[in-house]
Amino acid sequence: MKKDIIELSDHFDYKRLLRFTGPSITMMLFLSVYGVVDGLMVSNYVGTVPFAALNLIWPYVAIIGALGHMFGTGGSALVAKIMGEGDLKKARGIFSFLVYTTLVVSIAGGILGLVFVRPVAIFLGAEGEMIEECVTYASILLYLLPTYMFQVFFQSFLVTAEKPKWGMWITILAGVTNAVLDYVFIALFGWGLAGAAWASGAGMVIASVIPFMYFIGVRRKTARPKLYLGKPYIDINALWKVCSNGVSEFIMNISISIVSMVYMYQLIRWSGENGVSAYGILMYFAFIFCSFFIGYSLSMVPVIGYHYGAKNTEELKSIFRKSIKLILTISIVVVILAQIFAEELAYIFVGYDPELHKLTTHALRIYMLFLLVAGVNNFSSALFTALNNGPISALIAMSRTVIFEAGSVMILPLIFGMEGIWWSVVVGESIACCLAIILLRIYKDKYQYI
């Protein structure tokens, strides 16, 4: 009988790679799409100021929620490595310990986030009505921060538990719920930006509670799976390893948010609310086009971690070669699509405003060129996370955003004006790609993936 379930220990040819990563890629696609739905509904039904407020304050929430990415990605790499070494009991205990740690951290993070939300909005340049819109939107999401952090935490561990399709279907359900409630709360009830926040919160509840119940309930099965929630294995050294493994994902997420804040600061100075709105649209579509790279890298972390723990170097080499070829092929395809459909994509959001539509179309065609190298950068960072080398993974993640991109967005506008803002991400990601290639060559003998 043909084997249907793909396990971490399997040999991965191209077909098996795509079958295993497909659910995570689809999951990330739906996550990006229902983020776009929020912006689309706010832009068309509420107005430019609330739409700008959403884009201005969201990075602040994302910075705090990035801890969920750190525990999820870093934890899944360590747990997968321990599974590859054959110690399932310890793997389950570490997983349980991380669940309880994430719960405590998310509650504390939400409380601190609420304290500073207004000063942060003012610091970022919000004035008058925009301040209140920022506070309203962020406060609702910060009350629900545990659900946001567990949503991204369980995305990684469902893959490690060899249930990537569960993650996909849960995310689809959460996305559909969010989209439907966006329309109900914003268009029918007239709740404005608060309606978008409550709709997003409802999706987060679904995406966190269902996996939580799965990992609790699955323990009662006679044929126990590899991971379930039970007695925690309290190990501070393991927690430190998880944080060092996942620090790249944490840094990458907060770096993206910090860089977004830098963009907002520059755009308000150079172009006002129109520039902020255009950038928000760029970010929505960048996330959609990056869904393949993010989903692929997310699902490959436990696979690479398992084979690294099992010392299966031939499989590591095979996975590395195939992954690079797939990523480069998709990179070229998505850039071509972005160039062809830039005008239509911009029209979806701001077709009602000819000036803003023209600005957004022009920005899209420039900005999306970064996708030619973003996939290699994503995979390189994820590779070192999977190999339990958090510092190198963090170096790639931090350099591509905080150093190269943020530096570009501060310097290039001084030389090229507004054009420099749109080219900043292309320049930053290209320099980071050169660094990633150098690091891959330096560490190839130590980890034997080439």
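Let us look at the structure shown here. Bear in mind that the values here come from a model prediction, so they are computed numbers and not experimental data.

### Points about unusual backbone geometry
For step 1, the next point in the chain: Residue K311 is not a glycine yet carries a positive backbone phi of 60°.
For step 2, the next point in the chain: Relative to the helices and strands, K311 is located in the loop between α9 (272-309) and α10 (313-340).
For step 3, the next point in the chain: Residue classification places K311 among the exposed residues on the basis of a relative accessible area of 70%.
For step 4, the next point in the chain: Positioned with a positive phi, N388 is a non-glycine residue whose angle comes to about 60°.
For step 5, the next point in the chain: The topology assignment puts N388 in the loop between α13 (371-386) and α14 (390-416).

### Examining the packing of helix α12 (residues 354-367) against helix α15 (residues 418-442)
For step 1, the next point in the chain: In contact at an axis separation of 8 Å, α12 and α15 are set at 35° when each is read in the N-to-C sense. Between α12 and α15 lies a crossing whose hand is right-handed. Between α12 and α15, the residues in contact are L359, H362, A363, I366 and Y367 and M418, E419, W422, W423, V425 and V426, respectively.
For step 2, the next point in the chain: Split into classes, the residues belonging to the contact of α12 with α15 amount to nine nonpolar, one polar and one charged.

### Comments concerning α15
For step 1, the next point in the chain: End to end, α15 covers 38 Å across 25 residues, agreeing with the expected 36 Å (1.5 Å per residue, within 8%).
For step 2, the next point in the chain: Along α15, the helix axis deviates most sharply at S424, where the bend reaches about 40°.

### Quick notes on helix α5 (residues 145-160)
For step 1, the next point in the chain: Under the 1.5 Å per step criterion, the end-to-end length of α5 is 23 Å for 16 residues, consistent within 8% with the ideal 22 Å.
For step 2, the next point in the chain: Of all the bends in α5, the largest measures some 25° and sits at F154.
For step 3, the next point in the chain: By the criterion of burial, α5 is predominantly enclosed, with 15 of the 16 residues buried.
For step 4, the next point in the chain: Immediately downstream of α5, the backbone of E162 shows phi near 65°, a positive value.

### Things to note about the side chain of T401
For step 1, the next point in the chain: The residue T401 is located in helix α14 in this model.
For step 2, the next point in the chain: A polar atom in the side chain of T401 sits 2.9 Å from the backbone oxygen of A397.
For step 3, the next point in the chain: Beyond its immediate chain neighbours, meaning those up to four positions away, T401 contacts S255, I256, V259 and A406.

The rules behind these values
- Residues numbered from 1 in each chain as written.
- Predicted model: local features only at pLDDT ≥ 70, side-chain atom pairs only at ≥ 80, totals over all residues.
- Heavy atoms only, no water.
- Helix = DSSP H or I, 4+ residues; strand = E, 2+ residues; numbered from the N terminus.
- Buried < 20%, exposed > 50% of the residue type's maximum accessible area, 1.4 Å probe, protein only.
- Axes fitted to C-alpha atoms, helices over the stretch in contact; angles between N-to-C directions.
- Left-handed = near helix turned anticlockwise from the far one by under 90°.
- Contact = heavy atoms within 4.5 Å.
- Nonpolar A, V, L, I, M, F, W, Y, C, P; charged D, E, K, R; others polar.
- Expected span 1.5 Å × (residues − 1).
- Bend = angle between axes of the 7 residues up to and from the residue.
- Polar contact = N/O pair within 3.5 Å; in protein donor to acceptor, adjacent residues only side chain to side chain.

By themselves, these figures tell us nothing about what the structure is for.
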